[in-house]
Amino acid sequence: MSTQYNNECIFCKIVSGAIPSKKIYEDEDVIAFHDINPSAKVHFLIVPKLHVESLASCEAEHQVLLGKLLLLAPKLAKEQGLAGFKTLINTGREGGQLVFHLHLHVLGGN
Ligand code: AMP
Ligand code: ZN
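Here the structure is a predicted model, which means the values were calculated and not measured.

Student: How would you summarise the coordination of the zinc ion (ligand 2) if you had to cite specific residues and measurements?
Tutor: In the first shell of the zinc ion (ligand 2), the protein supplies Cys9 (SG), Cys12 (SG), His51 (ND1) and His101 (ND1), at 2.0 to 2.3 Å from the metal. Here the zinc ion (ligand 2) binds 4 donor atoms, and the angle range of 103 to 117° at the metal identifies the geometry as tetrahedral. Classification of Cys9 by relative accessible area gives buried; the value is 6%.

Student: Quick one: what's the story with the nonpolar core, residue by residue and with numbers?
Tutor: Of all hydrophobic cores here, the largest spans 18 residues; its most connected members are Ile46, Leu76 and Val106. Among the elements of the structure, β3 (30-34), β4 (42-48), α2 (63-79) and β7 (104-108) are those that each provide at least two residues to this core. Looking at this core element by element, the count peaks at 6 residues for α2. Excluding anything up to four places from it in sequence, Val106 contacts Val42, His43, Phe44, Ile46, Ala73, Ala77, Phe85, Lys86 and Thr87. Cys9, Phe11, Ile14 and Phe33 belong to the second-largest nonpolar core, a separate cluster that totals 8 residues.

Student: I'd like a rundown of the sheet that holds β7, residues and numbers included.
Tutor: Sheet architecture is open: 5 strands sit in the order β2-β3-β4-β7-β6, paired in antiparallel fashion. Looking along the sheet, the strands with just one partner apiece sit at the ends: β2 (23-26) and β6 (86-88). Pairs of neighbouring strands in the sheet enclose a mean axial angle of 20°, with direction left out of account. Pairing between β4 and β7: 5 bridges, direction antiparallel. In the strand pairing of β7, Leu45 is matched with His105. This element, α2, spans β2, β3, β4, β6 and β7 of the sheet and lies at about 155° to β4.

Student: Outline the site of ligand 1, listing residues and values.
Tutor: If you check the shell around ligand 1, you find 16 residues, and the closest are Asp35, Gly96, Leu98, His103 and His105. Within the backbone of Ile36, an N or O atom sits 3.1 Å from a nitrogen atom of ligand 1. One of the side-chain N or O atoms of His105 is found 2.8 Å from an oxygen atom in ligand 1. Compared with its free state, where it exposes 510 Å², ligand 1 has 86% of that area covered by protein. At the level of secondary structure, the elements contributing two or more residues to the shell around ligand 1 comprise α1 (10-16) and β3. For the shell around ligand 1, the element with the most residues is α1, which contributes 3 residues. Among the residues forming the shell around ligand 1, the class breakdown is 8 nonpolar, 7 polar and 1 charged.

Criteria and cut-off values
- Residues numbered from 1 in each chain as written.
- Chains lettered and ligands numbered in written order.
- Predicted model: local features only at pLDDT ≥ 70, side-chain atom pairs only at ≥ 80, totals over all residues.
- Heavy atoms only, no water.
- Donors = N, O, S within 2.8 Å, 3.2 Å for Na, K, Ca; no water.
- Tetrahedral: all angles 85-135°; square planar, octahedral: opposite > 155°, others 65-115°.
- Buried < 20%, exposed > 50% of the residue type's maximum accessible area, 1.4 Å probe, protein only.
- Core = buried A, V, L, I, M, F, W, Y, C linked by side-chain atoms within 4.5 Å.
- Helix = DSSP H or I, 4+ residues; strand = E, 2+ residues; numbered from the N terminus.
- Contact = heavy atoms within 4.5 Å.
- Pairing = 2+ DSSP bridges.
- Axes fitted to C-alpha atoms, helices over the stretch in contact; angles between N-to-C directions.
- Near = heavy atom within 4 Å.
- Polar contact = N/O pair within 3.5 Å; in protein donor to acceptor, adjacent residues only side chain to side chain.
- Areas by Shrake-Rupley, 256 points an atom, 1.4 Å probe, with all protein chains shown as cover.
- Nonpolar A, V, L, I, M, F, W, Y, C, P; charged D, E, K, R; others polar.

Set out below in structure tokens:
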């Protein structure tokens, strides 16, 4: 499911600026910020501004947006000083997803 804004969603609140974040990148479609509870020396999240619940909610219309998230990973990782990195997308409660607004984890530096 995708909507413009979900009042209950913490990442929508970060997108709107209602909740602060350690932002590292923003454009018209995407925002990226450091994870509040990092699992690596460098751990940030790349998040579409559009509220899409998970990878499992994505449709063909999200193809370009998904490509954009992935293409940003090496660019932002390099800016954060990472020579290499891991990427992760948790999908669904049983896939370890805690925040139901699509996001790509980028981890590195250990
Ligand atoms: P996931 O399990 O993939 O849904 O991961 C959600 C991630 O969001 C976790 O790594 C959390 O530490 C992170 N997170 C939750 N709230 C915030 C926040 N306000 N700012 C930054 N990261 C957050
Ligand atoms: Zn949201």
